[in-house]
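# Survey of secondary and tertiary structure
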Amino acid sequence: MSLAFIDLAAQQARIKDRVDARMADVLAHGAYIMGPEVAELERGLEAFSGAKHCISCANGTDALLLPLMVLKVRTGDAVFCPSFTFAATAEVVPSLGAVPVFVDVDPVSFNMDPASLERAIAWARGAGLTPRAVIPVDLFGLPADYDAIEAIARAEGLAVIADSAQGYGATYKGRVTGAIGDFATTSFFPAKPLGCYGDGGAVFTENDEWADLLRSYRFHGKGADKYDNVRIGMNSRLDTLQAAILLEKLAIYADEIAARQVVARRYTDGLSDVVETPVVGNDSRSVWAQYTIKLADAEQRTRVAEALKAEGVPTNVYYPLPLHRQTAYSGFPVDPAGLPVSEALAQQVLSLPMHPYLAREDQERVIDLLRKALADG
Ligand SMILES: *Cc1c(COP(=O)(O)O)cnc(C)c1O
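Reading guide: rules and limits
- Every chain begins its residue count from 1, and numbering advances along the sequence as written.
- Predicted model: local features are reported for residues with pLDDT of at least 70 only, side-chain atom pairs are reported and counted for 80 or more only, and whole-chain, interface and lining totals are derived from all residues.
- Hydrogens and water are ignored here; the side-chain numbers use all heavy atoms of the structure.
- Paired strands, in this sense, are two strands between which DSSP finds at least two bridges.
- Helix numbering and strand numbering both begin at the N terminus, where a helix is a DSSP run of H or I of at least 4 residues and a strand a DSSP run of E of at least 2.
- Axes here refer to lines fitted to C-alpha atoms; in helices the fit is confined to the stretch in contact. Angles between the N-to-C directions go from 0 to 180 degrees.
- The contact definition used throughout considers only heavy atoms, calling two residues in contact when any of these lie within 4.5 Å.
- Residue ranges for the domains trace back to a domain assignment, done automatically or taken from a database.
- Two parts placed together each lose some accessible area under a 1.4 Å probe, and the buried area is that loss summed for both.
- Definition used for salt bridges: Asp or Glu carboxyl oxygen within 4 Å of a side-chain nitrogen of Lys or Arg.
- In the analysis that follows, any N or O atom pair within 3.5 Å is treated as a polar contact, provided that within protein one partner can donate a hydrogen and the other can accept it, and provided that, for residues neighboring in sequence, both atoms belong to side chains.
- Residues are counted as near a molecule or strand when any one of their heavy atoms sits within 4 Å of it.
- Computed with a 1.4 Å probe, the accessible areas rest on the Shrake-Rupley method; for each residue, only the protein chains presented here act as cover.
- Here the term charged refers only to Asp, Glu, Lys and Arg, the term nonpolar to Ala, Val, Leu, Ile, Met, Phe, Trp, Tyr, Cys and Pro, and the term polar to all other amino acids, Gly among them.
- Two rings from Phe, Tyr or Trp (for Trp, the six-membered ring) form a pair when their centres are within 6.5 Å of each other. A pair whose planes differ by under 30 degrees is stacked, one over 60 is edge-to-face, and the rest are tilted.
- Throughout, exposure labels follow a simple rule: accessible area from a 1.4 Å probe, protein chains only, divided by the maximum for the residue type, with under 20% read as buried, over 50% as exposed, and the rest as partly exposed.
- Remark: a charge is flagged as sitting over a ring if the NZ atom of Lys or the CZ atom of Arg is within 6 Å of the ring centre and within 35 degrees of the ring normal.

## Some points on the sheet that holds strand E8 (residues 183-187)
- Read across the sheet, seven strands follow the order E1-E9-E8-E5-E4-E2-E3 without closing on themselves; strand pairing throughout is mixed. Only two strands of the sheet have a single partner each, and these edge strands are strand E1 (53-57) and strand E3 (99-103). Adjacent strand axes in the sheet meet at a mean angle of 30° when their direction is disregarded.
- Contacting E1 and strand E9 (201-205), helix H2 (residues 36-49) runs over the sheet at an angle of about 130° to E1.

In structure tokens:
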């Protein structure tokens, strides 16, 4: 019997009638670009996270690029990113001619290490770069340490762009991601906690002027009249059909986040005496984009993953190579103290099947198999 790593079919069975009806509405009114569902979704996302402005866009990568455009990040600027993340976090920086400077992460939370950020900022100033922004990532659904990062950013004059592609709807000290940072971004890629049936993304901000600029940049730099382009923008709109689908997904999202807590709790209860399981501080709630354990080393990880695979249980390694070790990014600077935690985690992490519809029996089988594989050596 084979398990799904992320079971989107189970979710679809729950909402299919409503999604079909929403899609039929769009086919009937025909406003495929910037139709009424787009604004309805944006208002819904603002309400969900308590953010003042939501500006949807074409994907989670553009959602990171658009704030950098608003900030006019350019050649000579430095933007600080973790290395232990998906490539999109850093990719947007050199695309504007600026330099991504890689920062290490914390070995427990896997999120940006504030001490490493401070070293990287000092290094960048010494190298003649202008520090402009920091992009903390809510990796695997857990919010970054925003109090510490925001304090450093304020002292250094940096904007905080919270990459919540994996963490939309998570909470940090009573705040919901989306309403954290100068800008927060998310992705609606299908496998993200809040995903659509294609590409999609959104940017959040509290700042009215930035919100207007984001709406302009995503639509070819439009002015008051859409055929009067007042700045160089891009084409990055969320399709009306995707917004219609997301409206039905958002309607069940709070319930799914609650279900994810139950699944994560079962893994932790069943595994924490035999392997390092994720730790969520009392002041945070993860949305569990991934449930990621830490093995001793790459050999043990391979052995455990193979044992599970032989029994039809899929696992994934996020991420086998930190960005600063990847071909396209190896030329960019890193914290002068190096990135030892990012390098170690790349050898140790293993993500288990995780979604809100994971049945107790299936999960118990994963836990039993994993315990057996660990006991076997
Ligand atoms: C998925 C992801 C992105 C990019 O989102 P897309 O919608 O695929 O462009 C950015 N950052 C992180 C951390 C992600 O996981």
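Having seen the model, we can carry on.
## Side note on the domain arrangement of the protein chain
- Each assigned domain of the protein chain is listed here: domain 1 (8-104 + 111-251) and domain 2 (253-375).
- Domain 1 and domain 2 are separated by 24 Å when their C-alpha centres are compared.
- Each partner contributes residues to the interface: domain 1 has 41 residues there, and domain 2 has 38 residues.
- A combined buried area of about 3,300 Å² lies between domain 1 and domain 2, and 62% of that area is made up of carbon and sulfur atoms.
- Note that Arg-14 is salt-bridged to Asp-255, the shortest N-O span being 2.7 Å.
- Inspection of the domain 1/domain 2 interface yields 21 residue pairs in polar contact (both at pLDDT 80 or more).
- For the side of domain 1 that touches domain 2, the secondary structure elements donating two or more residues are helix H1 (8-29), helix H4 (88-91), E3, helix H5 (114-126), strand E6 (171-172) and helix H8 (240-251).
- For the side of domain 1 that touches domain 2, the element with the most residues is E3, which contributes five residues.

## Details of the site of the ligand
- Around the ligand lies a shell of 14 residues, among which Gly-60, Thr-61, Asp-163, Ser-187 and Lys-192 are the nearest.
- Here Gln-166 contributes a side-chain N or O atom positioned 2.8 Å from an oxygen atom of the ligand.
- Between the ligand and Ser-187, the relevant distance is 2.6 Å, taken from an oxygen atom to a side-chain nitrogen or oxygen of the residue.
- In isolation the ligand offers 370 Å² of accessible surface; the protein chains occlude 93% of this area.
- Of all the elements in the fold, those that place two or more residues in the shell around the ligand are helix H3 (60-70) and H4.
- Across the shell around the ligand, the residue classes break down as four nonpolar, eight polar and two charged.

## Observations regarding the packing of aromatic side chains
- One pass over the full model with this rule turns up 17 aromatic pairs.
- Seen in terms of ring centroids, Phe-48 and Tyr-253 are 5.5 Å apart; in terms of plane orientation they differ by 40°. Their pairing is tilted. In this pair, Phe-48 is assigned in helix H2 and Tyr-253 in helix H9 (residues 253-271), connecting sequence segments 205 residues apart.
- Ring geometry for Phe-102 versus Tyr-329: centroids 6.3 Å apart, planes at 80°, classification edge-to-face. In this pair, Phe-102 sits in strand E3 while Tyr-329 sits in the loop between helix H10 (298-310) and helix H11 (340-348), placing the two residues 227 residues apart along the sequence.
- The exposure class assigned to Phe-102 is buried, which follows from its relative accessible area of 0%.
- For Arg-237, the ring lying beneath its charged end belongs to Phe-219, and the centroid distance is 4.5 Å.

## Overview of the side chain of Ser-83
- Mapped onto the elements of the fold, Ser-83 is located in the loop between strand E2 (77-82) and H4.
- On the basis of relative accessible area, Ser-83 is assigned to the buried category, the value being 0%.
- Leave out the neighbours within four places in its chain, and Ser-83 touches Phe-102, Val-103, Pro-322, Leu-323, His-324, Leu-339 and Ser-342.

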